[in-house]
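A structural walkthrough
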Amino acid sequence: MEDGKAIGAAEGREMGCDSGFDIGKDLGFYQGWVQQWLAAADKHPEVVPARVQKKLAEINALLDEVPTTNVEGAHFADRIKKVQQKFKVVAAMLGANIPADLGTSNTMSF
């Protein structure tokens, strides 16, 4: 019985680390993408419409709200889903070509 618990704990830890890495990788991509577009908007405001700039700022604020540690009751999955949804809207508004395989955390479950 104890061997089963130990094996289960090790498998759970490995799965959690893998999922956490994938989620962090995706959030890092979103943050870098948003920062690049905001920087472009600062230098060339005529290229990025004000409405898009506002949406980019909203995504940036949402990213700042995602906890970087395990916080009970933080609604982690809900926050990530909001970031993903807003990202897709802004990417479409900008006509950005985003790879279909981005967002490995779309299949996450808690």
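How each quantity is defined
Residues numbered from 1 in each chain as written. Predicted model: local features only at pLDDT ≥ 70, side-chain atom pairs only at ≥ 80, totals over all residues. Heavy atoms only, no water. Core = buried A, V, L, I, M, F, W, Y, C linked by side-chain atoms within 4.5 Å. Buried < 20%, exposed > 50% of the residue type's maximum accessible area, 1.4 Å probe, protein only. Helix = DSSP H or I, 4+ residues; strand = E, 2+ residues; numbered from the N terminus. Contact = heavy atoms within 4.5 Å. Expected span 1.5 Å × (residues − 1). pLDDT = per-residue confidence, 0-100. Phe/Tyr/Trp six-rings, centres within 6.5 Å; stacked < 30°, edge-to-face > 60°.

Structural notes on the nonpolar core
Among the nonpolar cores identified, the biggest contains 19 residues, and Leu27, Trp33, Leu56, Ile59 and Val90 are the most heavily contacted of them. Elements with a minimum of two residues in this core: α1 (2-43), α2 (50-65) and α3 (76-94). When neighbours within four sequence positions are excluded, Ile59 is seen to be in contact with Val34, Val83, Lys86, Phe87 and Val90.

Examining α1
For α1, spanning 42 residues, the distance from its first C-alpha to its last is 61 Å, which sits close to the expected 62 Å at 1.5 Å a residue. Among the residues of α1, those classed as buried are Ile23, Asp26, Leu27, Tyr30, Trp33, Val34 and Ala41. Where α1 is buried, its residues meet α2 and α3.

Focus: the confidence of the model for the protein
With 89% of its residues at a pLDDT of 70 or more, the protein shows a mean pLDDT of 84. Taken element by element, the protein is modelled with least confidence in α1, mean pLDDT 88, and with most confidence in α2, mean pLDDT 95. Here residues 104-110 is a poorly scored stretch, pLDDT under 50, and it has 12 contacts once near neighbours within four places are set aside; other chains count.

Here's the deal with the environment of Leu63
Note on placement: Leu63 falls in helix α2. In sequence terms Leu63 and Arg79 are 16 residues apart; their C-alpha atoms lie 8.2 Å from each other. For Leu63, the contacting residues outside a window of four places in its chain are Leu27, Tyr30, Gln31 and Val83.

Structural notes on the environment of Tyr30
In this fold, Tyr30 is placed in helix α1. A relative accessible area of 3% means that Tyr30 is categorised as buried. A sequence separation of 57 residues divides Tyr30 from Phe87, and the C-alpha atoms of the two residues are 7.4 Å apart.

Some details on the packing of aromatic side chains
Taken as a whole and judged by the stated rule, the model has five aromatic pairs. Ring centres of Phe29 and Tyr30 lie 6.0 Å apart, and the angle between their planes is 65°; on these two criteria the pair is classed as edge-to-face. Look at Phe29 and Phe87: their rings are 5.9 Å apart centre to centre, the planes differ by 80°, and that puts the pair in the edge-to-face class. Taken as a pair, Phe29 in helix α1 and Phe87 in helix α3 lie far apart in primary sequence, 58 residues in all.

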